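# Coordinates in review
One-letter residues, chain by chain:
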Amino acid sequence: MKKFKFIIDGSKYEVSVNEIENNVAEVEVNGTPFTVEIEREQKSVVTPRPIFKHTTTPTVNSSTTTASTIIVKSPLPGSIMKVLVAVGDNVKRGDILLTMESMKMENNILAEVDGVVKAIAIEPGKNVLQDDKLVELEANTSSNSTPVEKPAAAPKVETPKPAPVAAPTTPKPVAGGFKVKSPLPGSVLKVVVTEGQAVKRGDVLLTLESMKMENNILAEKDGIVKSITIAAGQSVMQDDLLLIMD
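What you see as residue numbers is a count from 1 along each chain, following the sequence as written. Where local features are concerned, this predicted model is filtered to residues with pLDDT of at least 70; where side-chain atom pairs are given and counted, the filter is 80 or more; whole-chain, interface and lining totals use all residues. Here the side-chain values reflect all heavy atoms present in the structure, with hydrogen atoms and water set aside.

## Remarks on the pairing of strand β18 (residues 213–218)
Accessibility here uses a 1.4 Å probe with only protein chains present; expressed as a share of the type maximum, an area under 20% marks a residue as buried, one over 50% as exposed, and anything in between as partly exposed. Put simply, DSSP marks the helices as runs of H or I at least four residues long and the strands as runs of E at least two long, and each gets a number from the N terminus on. Of all six residues in β18, five are buried; the element is thus mostly enclosed. In this structure, strand β10 (residues 105–110) lies alongside β18, joined through four bridges in antiparallel fashion. The partner of E106 across the bridge, within β18, is N216. Of the strand pairs in this sheet, strand β17 (residues 204–210) and β18 are connected by six bridges, and their pairing is antiparallel. Its bridge partner being in β18, V204 is matched across the sheet by L218. Two strands are said to pair when DSSP picks up at least two bridges between them.

## Structural notes on the environment of M211
Among the structural elements, M211 can be located in the loop between β17 and β18. The class of M211 is buried, set by a relative accessible area of 16%. Considered as a pair, M211 and L76 are 135 residues apart in the sequence and their alpha carbons are 9.9 Å apart.

## A few points about the layout of surface pockets
Taken as a whole, the second largest pocket spans an internal volume of roughly 550 Å³. A cavity here means a set of points on a 1 Å grid, drawn over the protein atoms and nothing else, where a 1.4 Å probe fits but cannot get out; a pocket is an open set with protein on both sides within 12 Å along at least five of seven lines, and a residue lines either one if it has an atom within 4 Å of a point. Around the second largest pocket, the lining comprises 23 residues; the ones closest to its centre are I7, M103, K181, P183 and D239. Mapped by element, the contributors of at least two residues to the lining of the second largest pocket are β1 (2–8), β2 (11–21), β14 (178–181) and β18. Grid points are joined across faces, edges and corners, and a volume is the space filled by probe spheres set on the points.

## Thoughts on the sheet that holds β1
Pairing is antiparallel in the open sheet, where four strands are placed in the order β1-β2-β3-β4. The strands lining the two open edges of the sheet, one partner per strand, are β1 and β4 (32–37). Looking at each pair of strands side by side, their axes are set apart by 25° on average, direction ignored. As paired elements, β1 and β2 share seven bridges and run antiparallel to each other. Considered in β2, the bridge of K5 is made with E14. Here the axes come from fitting lines to C-alpha atoms, over the contacting stretch only for helices, and the angles between their N-to-C directions go from 0 to 180 degrees.

## Section: a negative patch on the surface
Patch membership is restricted to residues that have no salt bridge and whose relative accessible area is over 30%. Joining uses 9 Å for like charges and 5 Å for the nonpolar side chains Val, Leu, Ile, Met, Phe, Trp and Tyr. A 1.4 Å probe and the Shrake-Rupley method give the accessible areas. Residues count as covered only by the protein chains that appear here. We define a salt bridge as a side-chain nitrogen of Lys or Arg found within 4 Å of a carboxyl oxygen belonging to Asp or Glu. By the counting rule applied here, Lys and Arg register as positive and Asp and Glu as negative, while His and the ends of each chain are not counted. Each charge is placed at NZ for Lys, CZ for Arg, CG for Asp and CD for Glu. On the surface, a cluster of negative charge is made up of E19, E21, E26 and E28. Within the residue set of the negative patch, elements represented by two or more residues are β2 and β3 (24–29). On the basis of relative accessible area, E26 is assigned to the partly exposed category, the value being 37%.

## Let's talk about the confidence of the model for the chain
Considering every residue of the chain, the mean pLDDT works out to 78; 74% of them sit at 70 or more. Summarising per-element confidence for the chain, the mean pLDDT is lowest in strand β5 (residues 52–54) (45) and highest in strand β16 (residues 198–199) (95). Segment residues 164–174 is flagged for pLDDT under 50; beyond a separation of four residues in sequence, or across chains, it makes twelve contacts in the model. One confidence number per residue, pLDDT, is output by the predictor and ranges from 0 to 100. Should any heavy atoms of two residues lie within 4.5 Å, those residues are counted as being in contact.

## Some points on the sheet that holds strand β21 (residues 241–245)
Within the open sheet, the four strands sit side by side as β14-β21-β19-β16. Their pairing is antiparallel. Where the open sheet ends on each side, the last strands, each with one partner, are β14 and β16.

## Considerations on unusual backbone geometry
Even without being a glycine, N30 presents a positive backbone phi close to 55°. Mapped onto the secondary structure, N30 falls in the loop between β3 and β4. Despite not being glycine, D131 shows a phi value in the positive range, around 75°. Look at D131 and you get partly exposed, because its relative accessible area is 36%.

## Brief notes about the pattern of salt bridges
Pairs may arise between side chains of opposite charge once their charged atoms sit close together. Within the structure shown, the criterion is met by four salt bridges. Salt-bridge contacts for E138 lead to K118; the nearest nitrogen and oxygen are separated by 4.0 Å. Of this pair, E138 sits in strand β13 (residues 133–143) while K118 sits in strand β11 (residues 115–120), and the two are 20 residues apart along the sequence. With relative accessibility at 41%, the residue K118 sits in the partly exposed group. Where K133 meets E136, a salt bridge forms, and the shortest distance between an N and an O atom there is 2.7 Å. Residue E136 is classed as buried on the basis of its relative accessible area of 13%. Overlapping salt bridges, with partners in common, bring together K118, K133, E136 and E138 in one network.

Structure follows, in structure tokens:
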């Protein structure tokens, strides 16, 4: 059994990963059990996707196209920063629907499918909890045969298995300074700053892909980037050192 501890906005979360069998893990968060299906990734960097579940089952006739309703829910507790779509907007798979702040990171919530924005349940400045409804999409689903199988129910929580680090890296020996560590396992998409660069509180330092979301790691204070210990494409674990600031 593996245990992890998180501190989110001053609140403590204890996560225990128990047995893992056939891509299904038993997980406890603060004593509450969850059954988690682990998605096997083929690439170290994947396209971030929000967690969603089907609320209706589409009925499809031969060679026709009908609509199904997709509910986009919040994958983590946080605060809505901005909403980038409006009711009636047409969106493509991968378009950014909204941006939320969670665990001191900016998270872009993306459209899973092509469709039309049917309803928006939140607004900027609103605080949300995990699994709160964010956006309702009406997606088109095509079929070329008469028989239609009912789609499998989406899991409540999808936790992708972190890709292993190809080769261990040795952080540069730096004495002192403010250490910026990874809040979650994931993969570094891009590093925005360089060593010696002056940054302000709230500036984006790097982008981390975790739990199918793009997470912008922000500077917690004004300072100068003293040392960068990771590179784009590298996989990191929770509490791995990302960079050091003066």
